[in-house]
Amino acid sequence: KIVQKIIQAAKIKPKDQILEIGPGKGVLTKFLLKTQAEITAVEKDPELVEFLKNIFKNKSNLNIVRGDIRDFFQNTEYKILKPGYKAIGNIPYYLTSRLLRLLLESSIKPSLIVLMIQKEVAERLIARPPKMNLLSASVQFYAKPKIICYVPKTAFYPKPKVDSAVVTITPINTNIDKAQTKIFFAVIKAGFKQPRKLLINNLSKNLNLEKEYLQEIFSQANMPLKTRAQNLSIKEWVSLSSLLMKNIV
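Scope of this entry: the structure provided in the associated data block. Everything numeric in this text was worked out from a predicted model, so none of it was measured.

### With respect to the packing of aromatic side chains
Then, number 1: Scanning the model with the defined rule gives six aromatic pairs in all.
Then, number 2: Taken together, a centroid distance of 4.1 Å and an interplanar angle of 20° make the contact between F141 and F184 stacked. With a gap of 43 residues between them, F141 in the loop between α7 (134-140) and β6 (143-151) and F184 in helix α8 (residues 178-191) connect regions that are remote in the sequence. For the pair shown, F141 and F184 are each scored as buried.
Then, number 3: Seen in terms of ring centroids, Y142 and F185 are 5.8 Å apart; in terms of plane orientation they differ by 25°. Their pairing is stacked. Of this pair, Y142 sits in the loop between α7 and β6 while F185 is found in helix α8, placing the two residues 43 residues apart along the sequence. Residue Y142 shares its accessibility class with F185, and that shared class is buried.
Then, number 4: Grouped by ring-pair contacts, the aromatic residues F141, Y142, F184 and F185 constitute a single cluster.
Then, number 5: One residue, R101, lies across the ring of F185, its end atom 4.1 Å from the ring centre.
Then, number 6: Against the face of Y150 rests K119, its NZ or CZ located 5.3 Å from the ring centre.

Below you can see the structure in the form of structure tokens.
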């Protein structure tokens with residue numbers, strides 16, 4: 001049922017290009033193949049690569065690549081993908097933030113990302129003010145995340161310590177240039193450095209900006225001086241970073 005929900009969430013059509021991240025023993029791969037999509041499966045474990053090549057040896061619509069997904073985007077193998085592909089996988093907590101940045105900042109962008117991730121991470125991903133965080137701001141700058149369903153730990157063997165969730169992440173067109181994007185991320189990283197502190201104090205300390213100057217910027221942005229990072233929406237972060245742009249190197 002969970003695999004079917006992942007397939008349905010991805011809205012896969014025949015001849016779609018799919019990047020499967022960490023296929024493992026091919027549980028999801030088997031169902032993906034039935035969609036008649038063209039699948040590139042990237043697996044780090046050499047023994048699993050051989051296992052996959054053996055059980056799927058007659059599948060012409062499957063290309064199994066041995067490698068770490070974090071290196072895949074700098075590898076020539078990445079050229080086999082075209083813009084508009086769909087990325088699908090079950091990924092560990094430590095990889096979530098890095099992987100999403102790689103996918104969303106790539107020159108060859110996916111049209112949709114469907115992942116099974118740790119439940120707590122999924123909820124952080126979709127957070128809105130007043131519960132924004134660095135992960136939600138980073139991802140929502142580029143995309144719209146949505147939780148499709150929750151997956152209890154009892155659904156897995158061996159059973160993990162945490163529950164999971166299936167999420168879709170749909171990239172959006174930001175229309176923001178590289179220079180402002182760089183400033184945006186510098187500002188949110190500084191703002192969330194110590195979330196319990198006032199935003200103006202974090203920005204002053206971490207970006208080396210005078211408080212008097214920041215008070216003027218907050219006034220221009222119609223932002224209360226006692227604002228904390230978790231209270232700002234993506235639109236407000238973009239506006240704030242635009243105002244700060246000329247004074248951040």
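Here the narrative resumes, following the displayed structure.
### Focus: the pairing of strand β5 (residues 112-118)
Then, number 1: Along β5, six of the seven residues are buried, which leaves the element largely enclosed by surrounding structure.
Then, number 2: Taken together, the five bridges between strand β4 (residues 86-90) and β5 define a ladder with parallel strand orientation. Looking across to β5, one finds that G89 is bridged to L115.
Then, number 3: With helix α5 (residues 96-105) bridging β4 and the parallel β5, this β-α-β connection has right-handed handedness.

### Regarding the sheet that holds β4
The strands making up a sheet associate through hydrogen bonds between their backbones, and the pairing can be parallel or antiparallel.
Then, number 1: Pairing is mixed in the open sheet, where seven strands are placed in the order β3-β2-β1-β4-β5-β7-β6. If you trace the sheet from one side to the other, it starts and ends with β3 (62-66) and β6, each paired once. Geometrically, the sheet is characterised by an average inter-axis angle of 20° between neighbouring strands, direction not taken into account.
Then, number 2: Note that β5 and strand β7 (residues 164-171) share six bridges and pair antiparallel.

### Some words on the packing of helix α9 (residues 199-207) against helix α10 (residues 211-220)
If you want to describe how two helices pack, look at the angle between their axes and the distance between the axes.
Then, number 1: At a minimum axis distance of 10 Å, the contact between α9 and α10 shows a crossing angle of 130°. Considering the angle they form, α9 stands oblique to α10. Between α9 and α10 lies a crossing of right-handed hand. Across the interface between the two elements, L199, I200, N201, L203 and S204 from α9 touch K211, L214, Q215 and F218 from α10.
Then, number 2: A breakdown of the residues in the contact of α9 with α10 according to their chemical character gives five nonpolar, three polar and one charged.

The rules we used
- Residues numbered from 1 in each chain as written.
- Predicted model: local features only at pLDDT ≥ 70, side-chain atom pairs only at ≥ 80, totals over all residues.
- Heavy atoms only, no water.
- Phe/Tyr/Trp six-rings, centres within 6.5 Å; stacked < 30°, edge-to-face > 60°.
- Helix = DSSP H or I, 4+ residues; strand = E, 2+ residues; numbered from the N terminus.
- Buried < 20%, exposed > 50% of the residue type's maximum accessible area, 1.4 Å probe, protein only.
- Lys NZ or Arg CZ within 6 Å of the ring centre and 35° of its normal.
- Pairing = 2+ DSSP bridges.
- Right-handed = clockwise from strand over helix to strand, strands pointing away.
- Axes fitted to C-alpha atoms, helices over the stretch in contact; angles between N-to-C directions.
- Parallel < 35°, antiparallel > 145°, perpendicular 65-115°, else oblique.
- Left-handed = near helix turned anticlockwise from the far one by under 90°.
- Contact = heavy atoms within 4.5 Å.
- Nonpolar A, V, L, I, M, F, W, Y, C, P; charged D, E, K, R; others polar.

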